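These are the residues of each chain, in order.
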Amino acid sequence: MKVVLQNLTKKFPSRDKKDRRDVVAVSDFTFEIPDGKLIGLLGPSGCGKSTTLNLLSGLQTPTSGKIFFGDDDVTNLPAENRGVGLVFQNYALYPHLTVQQNIMFPLQNLKGEAKLTKAQMEEKALEAAKLVQIDGLMSRKPSELSGGQQQRVAIARALVKMPRVLLLDEPLSNLDARLRLQTREEIRRIQRETQITTIFVTHDQEEAMSISDLIVVMKEGVIHQIGKPQDVYDSPVNLFVATFLGTPPINVFHGKVEGGKVYIGSEAIGSVSGVEDQPVHVAIRPEGFVLDEKGPLTCDLDEVEVMGRDITVVSKHPDSQNVEIRSIISADNKVDLSTGKVHFSVKNHKVFLFRKDTEERIYTDLV
């Protein structure tokens, strides 16, 4: 099911007595979600991603704009008639019902030609349970399940009616790290098997990048970039996107372009063409540093963290905007701790320049 959002805007009345302007949660959101794809809505808290999901589900009504499921305008259609499956952050299971009864619950409200017999409902509930691999737990109550099992029940309940669109609102945030990794892989498997168009809301960029076909990076209700996860990581359009994506985060320096060279402090780390002299933000991905005794970038060495196959060099620089610089290099390298200094050259494709005033990307190749 293709989903189209046209100029979608949601405003809430201000509660600030001194400033009565409306709060814009989602601003002019326009995007076409391809049929059968998994889309990650990504951004910090308060960016409008959950509001967007609520507008898609019908739990909230847009201030302006349109929502289409296929060719159907569902903008003003009640939530129960949209054919969506919604999985909440807190699972929202009925504690007094068994797993089977929780999964069957949406089927019990079907009416008319869609109404099912008890045997049909049980069959569909079992199919959904098998899809999320909890068919052996059908007689248990939610209190007898782990967090990951409860999440699977919530997903099965959302899938049992085979919705046109599946909506997931931060479904992994209550799970521990190992279970979160396992469950996100399961969500991706289920989505591929069912081919249901899925929108996945998260503030965790690693989650979004690992399972999404496309990610939508948002801030303060505005779309900043849409693209394949790796493409967005490799080519951020502005400083916000560059700093939001990546673990450890990208290292940002106060720099300048002068005479065709890019400077951090007094050291020229490379050359560019077609860029006028100006102050800039110089951003370097952690994996963009190369340990090099003759390298142009000199930093004050703090410590070396051995991570197995990689080494993280932690250092400082007077022009760094980060508290510390984290550089990921191969464990084959040997770092001399005695000097208190570390020298780097950089991988040109891992360095980005951004305008000092607008923080927009300066598209140029560093050489």
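Scroll up to find the structure.
Residues numbered from 1 in each chain as written. Predicted model: local features only at pLDDT ≥ 70, side-chain atom pairs only at ≥ 80, totals over all residues. Heavy atoms only, no water.

A. Representation of the overall build of the chain. For the chain, the helix and strand inventory stands at eight helices and 21 strands. Dimensions of the chain along its principal axes, counting C-alpha atoms only, are 75 × 45 × 40 Å. Taking the intrachain contacts of the chain between residues at least 6 apart in sequence as the baseline, contacts between residues at least 24 apart amount to 67%. Per element, the accessible surface of the chain, about 18,000 Å² overall, is 47% carbon and sulfur. Distance between charge centres in the chain, computed from 45 positive and 49 negative side chains, equals 6 Å. (Helix = DSSP H or I, 4+ residues; strand = E, 2+ residues; numbered from the N terminus. Contact = heavy atoms within 4.5 Å. Areas by Shrake-Rupley, 256 points an atom, 1.4 Å probe, with all protein chains shown as cover. Lys, Arg positive; Asp, Glu negative; His and termini not counted. Charge placed at Lys NZ, Arg CZ, Asp CG, Glu CD.)

B. Structural context of the environment of N90. As for its position among the elements, N90 is in the loop between β6 (84–87) and α2 (99–108). What makes N90 exposed here is its relative accessible area of 54%. Distance in space between the C-alpha atoms of N90 and E170 is 8.9 Å, their sequence separation being 80 residues. (Buried < 20%, exposed > 50% of the residue type's maximum accessible area, 1.4 Å probe, protein only.)

C. Main features of the pairing of strand β16 (residues 297–306). With four bridges connecting them, β16 and strand β19 (residues 341–346) associate as antiparallel partners. Residue pairing for β19: C299 is matched across the bridge by V342. Relative to strand β17 (residues 310–316), β16 is paired through six bridges, and the arrangement is antiparallel. In the sheet register, E305 faces β17, and the bridge partner there is T312. Counted between consecutive antiparallel strands, the loop separating β16 from β17 contains three residues, among which G308 sits at a positive phi close to 105°. (Pairing = 2+ DSSP bridges.)

D. Region of the structure containing helix α5 (residues 177–194). Relative to the 26 Å expected for 18 residues at 1.5 Å per residue, α5 spans 26 Å between its end C-alpha atoms, a close match to the ideal helical length. When α5 is considered as a whole, its buried residues turn out to be T183, R184, E186, I187, R188, I190, Q191 and T194. For α5, the secondary structure elements touched by its buried residues are β3 (38–42), α3 (118–131), α4 (147–159), β7 (165–169), β8 (197–202) and α6 (205–211). After α5 finishes, the residue Q195 shows a positive phi value of roughly 60°. (Expected span 1.5 Å × (residues − 1).)

E. Broad picture of the sheet that holds β17. One open sheet accounts for five strands, arranged β15-β19-β16-β17-β18; its pairing is antiparallel. The two strands at the open ends of the sheet, each matched to only one other strand, are β15 (289–291) and β18 (325–330). Strand-to-strand twist across the sheet, computed as the mean angle between neighbouring axes with direction ignored, equals 50°. (Axes fitted to C-alpha atoms, helices over the stretch in contact; angles between N-to-C directions.)

F. Just the packing of aromatic side chains, in detail. Scanning all chains against the criterion turns up four aromatic pairs. Taking the centre distance of 5.0 Å and the plane angle of 65° together, the rings of F289 and F344 count as edge-to-face. Separated by 55 residues along the polypeptide, F289 in strand β15 and F344 in strand β19 bring together distant segments of the chain. Overall, F289 belongs to the buried group, its relative accessible area being 2%. Relative accessible area serves as the criterion here: at 0%, F344 is assigned to the buried category. Lying over the aromatic face of F12, K10 brings its terminal NZ or CZ to 5.2 Å of the ring centre. (Phe/Tyr/Trp six-rings, centres within 6.5 Å; stacked < 30°, edge-to-face > 60°. Lys NZ or Arg CZ within 6 Å of the ring centre and 35° of its normal.)

G. Up close: the sheet that holds strand β10 (residues 222–227). Ordered by their spatial adjacency, six strands build an open sheet running β6-β7-β8-β3-β9-β10, and the pairing between neighbours is mixed. Since the sheet does not close on itself, it has two edges, and those belong to β6 and β10, each with one partner. Strand-to-strand twist in this sheet, taken as the mean axis angle between neighbours without regard to direction, amounts to 15°. Where strand β9 (residues 214–219) and β10 come together, five bridges link them in antiparallel fashion. Each residue of the ladder has a partner; that of K219, found in β10, is V222.

H. Structural view of the side chain of R188. The topology assignment puts R188 in helix α5. The contact partners of R188, leaving out residues within four places of it in the chain, are L38, I211 and D213.

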